[in-house]
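# What the coordinates show
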Amino acid sequence: SQQGEEDPQALSIQEGENATMNCSYKTSINNLQWYRQNSGRGLVHLILIRSNEREKHSGRLRVTLDTSKKSSSLLITASRAADTASYFCATAFGGTSYGKLTFGQGTILTVHP
Amino acid sequence: SQTIHQWPATLVQPVGSPLSLECTVEGTSNPNLYWYRQAAGRGLQLLFYSVGIGQISSEVPQNLSASRPQDRQFILSSKKLLLSDSGFYLCAWMAGGADTQYFGPGTRLTVL
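All of these numbers come straight from a predicted model, not from anything done at the bench.

Before going further, it helps to examine the sheet that holds strand β3 (residues 19–26) of chain B. Residue and element names in this part refer to chain B. Spatial strand order, β1-β3-β8-β7: four strands in an open sheet with antiparallel pairing. In this open sheet, the two edge strands, each paired with only one partner strand, are β1 (3–7) and β7 (65–70). Across the sheet, the mean angle separating the axes of adjacent strands is 20° when strand polarity is ignored. Across six bridges, the pairing between β3 and strand β8 (residues 73–78) is antiparallel. The partner of Leu-19 across the bridge, within β8, is Ser-78.

Written out as structure tokens, the structure is:
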């Protein structure tokens, strides 16, 4: 079964606006990761946040993690048309899980020039 | 640097035919390897993973099998394809003990 649920399923914004995507999960995690997928391509890792972290930044990306609510958000600031893609959260459980990831259903982001 | 290859990029196969998809990784040793399937507009479903040569773990009972004949080679197979096997198949690798997976470009499989 899918661990993560993402919200919204689709998001359409204008270039320069901020985009926020949310991810909820059900069980305790070791870390949560965000990936990006351009149409018909493989996934690209964006950012990882560990269970003992609350916020992380990477360029125009900001990720937050609230383990009490079992949720995370990805903020893309000053969006560009090139940010148009699907974004997935993925959770990892650590221990002897061999790095297995459980992916959400994704958010389709469209940035209009 | 490390690279991951998948082939073929696109495949159209009739129902009942066999399948072999290949994934190879360069520039690293003893990686963890993963096969995922992505249905249209959906998230990724983990099918198989391997932590070493000859070691395969299956996540979902299905019509597919996986093998790892060499350290950096991961093969997804089927003896007889079903319509429901259609999808986008992605291979990924991760260094042992690390957290981040790196994905290949994927294979689009259509079963008719």
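Another point: the interface of chain B and chain A. Between chain B and chain A, the contact holds 22 residues from the first and 21 residues from the second. Taking both sides of the interface into account, the surface hidden between chain B and chain A amounts to around 1600 Å²; carbon and sulfur atoms contribute 52%. If you look at where chain B meets chain A, you find two salt bridges. Taking the shortest distance from any N to any O, the salt bridge between Arg-50 of chain A and Asp-99 of chain B comes out at 2.7 Å. Summed over the shared surface of chain B and chain A, the result is nine residue pairs in polar contact (both at pLDDT 80 or more). Secondary-structure elements contributing two or more residues to the side of chain B that touches chain A are β4 (32–38), β5 (44–52) and β9 (87–94) of chain B.

With that settled, the discussion passes to the pairing of strand β4 (residues 31–37) of chain A. Consecutive side chains along a regular strand alternate between the two faces of the sheet. Residues and elements named next belong to chain A. Burial of β4 is extensive: seven of the seven residues sit out of reach of the surface. The alternating pattern of β4 places Asn-31, Gln-33, Tyr-35 and Gln-37 on one face and Leu-32, Trp-34 and Arg-36 on the opposite face, and all of these are buried. Counting the residues in the hairpin turn of β4 and strand β5 (residues 43–50) gives five residues, including Gly-40, whose phi is positive at 75°. With seven bridges joining them, β4 and strand β9 (residues 85–92) adopt antiparallel strand pairing. Bridge pairing links Gln-37 to Ser-86 in β9.

Criteria and thresholds
Residues numbered from 1 in each chain as written. Chains lettered and ligands numbered in written order. Predicted model: local features only at pLDDT ≥ 70, side-chain atom pairs only at ≥ 80, totals over all residues. Heavy atoms only, no water. Pairing = 2+ DSSP bridges. Helix = DSSP H or I, 4+ residues; strand = E, 2+ residues; numbered from the N terminus. Axes fitted to C-alpha atoms, helices over the stretch in contact; angles between N-to-C directions. Contact = heavy atoms within 4.5 Å. Buried area = accessible area lost by both parts, 1.4 Å probe. Salt bridge = Lys/Arg side-chain N within 4 Å of Asp/Glu carboxyl O. Polar contact = N/O pair within 3.5 Å; in protein donor to acceptor, adjacent residues only side chain to side chain. Buried < 20%, exposed > 50% of the residue type's maximum accessible area, 1.4 Å probe, protein only.

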